[in-house]
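Report on the structure
What follows is the residue order along each chain.
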Amino acid sequence: MKTLITLLALAAPLFVGCSSKALYGAGQQWQRTECNKIDDREERARCERSAATSYESYQSQREAGKKP
């Protein structure tokens, strides 16, 4: 987690002007890279499924979570 925060802090100037969708895509790519580092096959598969969530699906889930 500390690595992610550091990476985002260093890369933040590059993201100025990027859309939320582009930022989400960059985060998903980073997550897929991290998934490939997992030795346990089942855990890696779970990670990859999570990283495959589309931006539209993410937005729908996010909006559903906001509703009381």
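Analysis parameters
- Residues numbered from 1 in each chain as written.
- Predicted model: local features only at pLDDT ≥ 70, side-chain atom pairs only at ≥ 80, totals over all residues.
- Heavy atoms only, no water.
- Disulfide = S-S within 2.5 Å.
- Helix = DSSP H or I, 4+ residues; strand = E, 2+ residues; numbered from the N terminus.
- Buried < 20%, exposed > 50% of the residue type's maximum accessible area, 1.4 Å probe, protein only.
- pLDDT = per-residue confidence, 0-100.

**Considerations on the state of the cysteines**
Disulfide: a covalent bond formed between the sulfur atoms of two cysteine residues. This structure, assessed with the given rule, holds one disulfide. Bridging Cys35 to Cys47, the disulfide has an S-S length of 1.9 Å. Between Cys35 and Cys47, the S-S dihedral sits near -80°, and the bridge is therefore left-handed. Here Cys35 is found in helix α2 (residues 20–35), whereas its partner Cys47 is found in helix α3 (residues 41–51), with twelve residues between them in sequence. For Cys47, a relative accessible area of 8% corresponds to the buried category.

**What to know about the confidence of the model for the protein chain**
Confidence in the prediction of the protein chain, expressed as mean pLDDT, is 85, and 81% of residues score 70 or more. When mean pLDDT is compared element by element in the protein chain, α3 scores highest at 96, while helix α1 (residues 2–11) scores lowest at 70.

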